[in-house]
Each structure stands twice: as structure tokens, then as C-alpha cells.
Amino acid sequence: MLNAAHAAFIGRYTSMSVAARDARNHPVVGRALGCRVSESRSRLTVFLSASRAAPVLACLKENGAIALAVTRPTTNETLQLKGAVVEILPLAAADAAEMAAYRESFVAELTSLGYGREFSKGVLAGNEDSVAVVVELVSVFDQTPGPRAGTRMEGRT
Amino acid sequence: MTISLEAIRRCFEGAVPAQIATCAPDGTPNVAYLSQVHYVDDRHVALSFQFFSKTRENVLANPYAMAQVIDPLSGVHYRLSLQYLQTETEGPLFQYMKARLAGVASHTGMSEVFVLRGADVYRVLDIQCAAPATVIEDRMPASLLPALRACSSRLVRCTELAALLDETLAGLAGHFGVAHAMLLMFDAASRHLYTVASLGYPESGVGSEIALGAGVIGVAAREQTPIRIGFMTSDYSYSRALRQRSGGTDGGEREIPFPGLSAPHSQMAVPITGGGRLLGVLYVESEQSMCFTYEHEDAFVALAAQLGFAMQLLEQSADRNDAVAEAPRAKVTSGEAVTVRRYAADNSVFVEGDYLIKGVAGAILWKLLSDHAQGRSEFTNRELRLDASLRLPDISDNLEARLILLHRRLQERCPYFRIEKTGRGRFRLAVDCPVRLEAVS
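Here the structure is a predicted model, which means the values were calculated and not measured.

1. Side note on the overall build of chain B
Across its full length, chain B holds 9 helices and 20 strands. Residues classed as buried in chain B amount to 56% of the 441 residues present.

Next comes the structure, spelled out in C-alpha cells:
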């Protein structure tokens with residue numbers, strides 16, 4: 001589903017936002033605090049704070065439809081991934097390590113742009129009550145700003 | 001709505017990108033990054049529409065959206081439940097967003113691809129904070145009301161337009177810490193704004209002109225909307241196009257250089273209006289990014305409203321008490337004559353070959369000097385207003401402002417003659433040497 005370059009791009013130095021929708025087909029949005037690509041690159045494990053991303057998690061439990069936008073602030077390179085939730089699990093030991101590594105990389109990215117420590121801490125708050133959302137990928141879109149934004153890159157037809 | 005939109009205006013400064021989630025009719029969610037969420041009023045925001053995107057396709061089919069905005073200081077996230085209303089492709093909101101987008105685009109190195117196609121207006125249905133209540137700090141920006149109050153009280157004491165202009169700039173410097181500012185008046189006939197007072201520049205630039213619609217000042221004037229940009233953008237820079245536009249038959253410039261900063265990182269232009277008419281623009285700028293906040297915008301819009309009202313009153317009252325003065329004969333002077341040349345085409349006046357002024361102020365100076373040659377030196381605003389040769393517009397001729405402009409240009413550029421105020425609506429032309437007048441048609 002994902003190529004190796006995309007898989008490597010997603011997990012570090014990026015800002016991650018998740019969208020879901022409720023029964024009325026109204027969208028909700030929240031921040032993801034890291035993600036891991038499966039070996040087959042067909043699945044993602046997205047980390048969400050149970051308290052801060054509560055509306056998103058409620059929708060995901062209800063219907064499983066999910067979109068994840070990943071952008072690197074210094075380059076504006078952006079991908080959007082869409083899929084369906086397979087399961088929602090408590091964090092495993094390896095997940096916490098993955099979140100910490102992601103966090104460190106994104107704070108470095110924000111620092112290089114001149115954002116202060118307090119800001120970065122606020123943006124990435126919520127690790128303490130996070131859960132792991134396992135997603136089966138359906139499609140990937142290039143969303144780097146510009147006329148090519150929205151182009152479907154990979155996915156099932 | 002538990003949180004007011006106004007309380008989180010800092011999130012809309014464009015310092016941190018926002019996100020928007022939408023849904024296709026088949027229930028597939030979509031999430032995208034946004035360049036700009038614009039605060040319209042306490043119930044509406046507008047999002048920048050730059051590309052035909054999935055977001056746009058979705059909201060046209062299903063008008064509900066949710067935006068996530070981030071406080072640029074604390075990093076706290078707020079979620080705005082939105083309902084799409086309409087897209088504006090012209091007018092004040094569109095122009096304001098276009099100018100701001102140019103600043104954000106330039107800041108992020110995306111000038112080439114960031115072109116505003118429309119301003120998508122949304123109703124804000126609800127606002128939720130993503131952080132637990134205990135984390136939300138009460139960090140309202142420092143109130144600018146005391147500064148506005150102090151500035152305002154200075155203005156109400158002014159009885160003349162010149163003092164009003166000077167007190168406004170002194171107030172901006174003293175109470176708001178503004179280092180660079182300008183006041184420009186609108187000339188409806190030529191559709192230009194001309195600088196009448198400035199603060200913090202090596203050259204005052206009094207008399208320099210900006211066309212309606214040019215740059216932040218010109219667009220703010222044309223659309224009668226304040227425009228505030230927090231980042232440097234060459235799209236709205238005056239340094240290129242407006243510096244030293246030349247073209248003159250006298251071998252000299254007919255333009256006074258615009259005094260503004262060559263690379264301002266923060267700019268705000270606030271139109272000054274009165275009775276629905278554009279009177280001028282209050283402009284402030286800074287070498288620092290994000291120097292002016294929403295609170296500054298509120299304060300300066302309030303200040304400009306007071307300025308507009310005061311300008312109209314002072315313009316009207318300048319005609320009062322102008323009983324024709326006993327006119328002493330002009331003093332006979334001796335010495336070398338200075339040559340004053342007037343070009344009828346644009347009323348430009350050159351003194352000893354140096355460009356001084358043009359337009360209505362140029363015509364006024366020419367009339368004064370011609371009358372002076374006949375032995376007159378005392379004048380009234382009223383007679384200028386009634387003088388058909390000056391062709392002043394009926395209403396809003398801004399005569400007082402033009403006299404201030406002329407007075408200041410003479411003070412800065414011409415040691416031979418000057419305008420001296422002798423009372424309300426009255427003044428004297430003082431001439432220190434013989435003058436040779438040359439009219440060029």
C-alpha cells in the first residue's frame with residue numbers, strides 16, 4: 001500500500017491530524033501523537049490521546065472510517081491516508097518508545113522553525129492516556145500544497 | 001458555545017497551520033491543512049480557498065466541517081464545529097484575506113502556489129478545547145484600552161487638523177509603542193492618497209502619493225477595510241513600485257519618495273472614514289514579525305473612527321471666524337529673485353528647478369504667489385474654497401489637509417517662503433525674497 005519512502009516519511013518530523021465522522025456524517029478532527037507502519041506497509045497503528053482526541057475515538061469505535069493527514073512543516077510535504085479501523089488497543093511497551101521517538105523528532109522540527117518549548121509541549125500533550133488505533137489502509141493521496149494536491153497515489157480501486 | 005471565538009482570536013494569526021475535517025456524502029472523512037482561518041466576527045470564520053480540493057468538494061455536498069486551530073503560545077488545540085455558508089470572491093473580506101495570505105505564503109516560502117480564489121465563510125456552531133479544563137490558562141492579551149483611552153483624550157483636545165495629525169502620531173508612539181507610522185489623506189479627484197504626517201522615518205515623505213488599490217494602504221482604502229499582515233511579503237511591498245517613479249519635463253522628479261520601511265515584517269492599514277466617505281488611512285508598520293495583534297486592530301479602528309469624526313468637524317470649523325482680515329500690503333523684498341515654475345498640466349511647482357509639490361496643493365501655492373506679486377499676503381480658507389481657478393471638489397475638499405501638506409513641504413524643501421497661520425481659517429504667505437513666476441502650459 002505505502003512505498004518505503006512514504007513509510008519512512010510518515011513517522012518522523014511530521015504533524016499528524018486525524019479525521020473521523022459521526023452517525024450524522026458530521027466530521028471531527030484531532031491530533032495523532034505518532035504512528036507506526038506495519039511491515040507489510042498495508043496497516044498503520046495511530047496513537048491518539050483518549051481524553052484529547054475523545055470525539056475522534058468515539059466516532060472510530062462507532063464506524064471505523066478514518067483519514068490521517070501527515071505534513072512536514074519545514075517542507076510542506078503532505079500525505080493523506082485513508083482507511084478503516086481494525087481494532088483499538090491499549091499501548092504496548094514498544095508503542096510508548098515509538099511515541100517518544102516521534103515526539104523527539106517533531107519537537108526538533110518545531111524548534112528549528114522557532115517555536116518554543118512550551119508550545120511544543122502543548123501541541124504534543126496527551127501521551128499519558130493514549131491508545132493504539134490499528135488501521136487497514138485503503139488509499140494514499142499527495143496533499144503537498146499546489147496544483148497536484150489531492151492526487152491519488154496508491155490504493156485500491 | 002462554552003468558549004467564545006473572540007477569546008481565542010490569537011489562534012487565527014496564521015502563526016500555526018490549522019486543520020480541517022470534512023465528509024464526503026458516502027461517509028469518507030477527509031482531513032487537510034489550512035493556510036488561514038480568518039476571524040470574521042464572533043460567530044463566523046472564513047477559510048482560504050486556494051485550490052479545488054476534496055475539502056471543497058465535500059463541503060459543497062455536505063456543509064459540515066470541523067477545524068482544529070492551535071494557540072501559538074500554549075500549543076492548546078481548539079475544535080470549531082462549522083457550517084459552510086458561502087464563498088466570497090471580491091470585497092473587503094476577500095481583499096483582507098488575500099493580503100494576509102500573501103504574508104503567510106511568503107513566510108512559509110509558498111508564494112508561487114498560494115493564490116486566493118475565494119473566502120469560504122462558515123458559521124461557527126460550537127467551540128471545544130481539546131485540553132482538560134485545568135490546562136486552559138487565562139492568558140488574555142494585555143488590554144490596550146488604557147492606551148486607547150490616553151490616545152483618545154489627546155485627540156479630543158485638538159482644535160486644528162495639524163495638531164490632530166501630530167497628536168495621533170505622538171499618541172501611537174507614546175501609548176502603543178509604534179515606531180513607524182503615517183497618516184495619508186484621500187484625494188477623490190486623482191484617486192490617490194497623499195502623506196500628510198509621518199513618524200519614525202529619515203525623510204518625512206510628506207506629499208508622497210499612493211494610488212487607490214496599491215499595496216496594503218491602497219487596498220485598505222479602496223475596500224474600506226482594515227488590513228493587518230504579520231509577515232513580510234513582497235506582494236504588498238511599496239519599496240519596489242512606489243519609490244521614485246520619475247517622469248518630468250523639468251529634468252526632475254515629480255514624485256516625493258514614499259518614506260516607508262523597505263522590508264516591513266508587520267503592516268497594518270486602517271481606513272479613516274466619515275459619513276461613509278473615505279477620508280484617509282492610518283498606517284503602522286514594523287521590522288518585527290507579528291508585531292500587531294487583533295487587539296491593536298480593534299484599538300486602531302476605534303482610533304480611526306474618532307479621527308474621521310474629528311477631521312470632518314475641524315474641516316468645517318476651519319471656515320468659521322474668517323472675517324476678511326485687514327490686508328496689509330506684502331512686504332517689498334530685495335535681493336536675488338528665485339524662479340518658481342508651474343506646469344499647468346499637473347499643477348506641479350518647481351522652485352529654482354527643484355520639484356516642490358503638485359496637484360491641488362501646487363495650484364494653491366501658485367495662486368498665493370500670484371496674489372502676493374499683486375501685493376497681497378493675507379488669505380482665508382474660505383476664499384480659496386470659493387476660488388474657481390483651484391477647482392476644489394465641492395464636498396470634502398480637504399483644504400485644511402492640503403494647506404498642511406503645503407506648509408510642511410515648504411518647511412522641509414523651500415527656504416524662500418512659508419505659510420504662517422494667523423487665526424482660524426486664516427494664514428499669511430511670508431516671502432523673503434523677490435520671486436519670478438514662470439507659467440508653463
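Structure's up, so let's keep going.
2. Things to note about helix 2 (residues 54-63) of chain A
Residue and element names in this part refer to chain A. Three or more residues of helix 2 are buried, namely Val-56, Leu-57, Cys-59 and Leu-60. Along the axis of helix 2, the buried positions cluster into a sector of 165°, meaning they face one direction only. For helix 2, the exposed residues set more than 90 degrees away from the buried face come down to Lys-61 and Glu-62. The inward-facing, buried residues of helix 2 contact strand 1 (15-21), strand 2 (27-37), strand 3 (43-49), strand 4 (65-71), strand 5 (78-90) and strand 6 (130-142). With its phi angle positive at about 80°, Gly-64 sits one or two positions after the end of helix 2.

3. Examining the domain arrangement of chain B
All names here are of chain B. Here chain B is partitioned into domain 1 (6-129), domain 2 (145-317) and domain 3 (338-440). Tallying the contact residues gives 27 residues for domain 2 and 25 residues for domain 3. Our count for the contact surface shared by domain 2 and domain 3 stands at 6 salt bridges. Across the pair Lys-358 and Glu-255 runs a salt bridge, and its minimum N-O distance is 3.3 Å. At the junction of domain 2 and domain 3, the tally comes to 10 residue pairs in polar contact (both at pLDDT 80 or more). Listed by contribution, the elements that provide at least two residues to the side of domain 2 that touches domain 3 are helix 4 (161-176), strand 8 (180-187), strand 9 (192-199), strand 13 (277-286) and helix 6 (294-317). Class assignment for the residues of the side of domain 2 that touches domain 3 results in 11 nonpolar, 5 polar and 11 charged.

4. Details of the pairing of strand 15 (residues 348-351) of chain B
Residue and element names in this part refer to chain B. Judged by which residues are buried, strand 15 turns out to be covered on both faces: Ser-348 and Phe-350 on one side and Val-349 and Val-351 on the other are all buried. Here strand 14 (residues 338-343) runs beside strand 15; their pairing, made up of 4 bridges, is antiparallel. Looking across to strand 15, one finds that Val-340 is bridged to Val-351. Between the end of strand 14 and the start of strand 15, which pair antiparallel, lie 4 residues, with Asn-347 showing a positive phi angle near 55°. Pairing analysis gives 3 bridges linking strand 15 to strand 16 (residues 354-357), with the strands arranged antiparallel. From the neighbouring strand, Phe-350 faces strand 16, where its bridge partner is Tyr-355. With antiparallel pairing between neighbouring strands as the criterion, strand 15 and strand 16 make up a hairpin whose turn holds 2 residues, including Glu-352 at a positive phi of roughly 50°.

5. Things to note about the packing of helix 4 of chain B against helix 9 (residues 399-413) of chain B
Residues and elements named next belong to chain B. One way to put it is that helix 4 packs onto helix 9 with a least axis distance of 9 Å and a crossing angle of 70°. With respect to their mutual orientation, helix 4 and helix 9 come out roughly perpendicular. Residue-level inspection shows Leu-161, Ala-162, Leu-165 and Asp-166 of helix 4 in contact with helix 9, the latter providing Glu-400, Ala-401, Ile-404 and Arg-408. Of the residues contributing to the contact of helix 4 with helix 9, the split by class is 5 nonpolar, no polar and 3 charged.

So, how was this worked out
- Residues numbered from 1 in each chain as written.
- Chains lettered and ligands numbered in written order.
- Predicted model: local features only at pLDDT ≥ 70, side-chain atom pairs only at ≥ 80, totals over all residues.
- Heavy atoms only, no water.
- Helix = DSSP H or I, 4+ residues; strand = E, 2+ residues; numbered from the N terminus.
- Buried < 20%, exposed > 50% of the residue type's maximum accessible area, 1.4 Å probe, protein only.
- Arc of directions from axis to C-beta.
- Contact = heavy atoms within 4.5 Å.
- Domains from an automatic or database assignment.
- Salt bridge = Lys/Arg side-chain N within 4 Å of Asp/Glu carboxyl O.
- Polar contact = N/O pair within 3.5 Å; in protein donor to acceptor, adjacent residues only side chain to side chain.
- Nonpolar A, V, L, I, M, F, W, Y, C, P; charged D, E, K, R; others polar.
- Pairing = 2+ DSSP bridges.
- Axes fitted to C-alpha atoms, helices over the stretch in contact; angles between N-to-C directions.
- Parallel < 35°, antiparallel > 145°, perpendicular 65-115°, else oblique.

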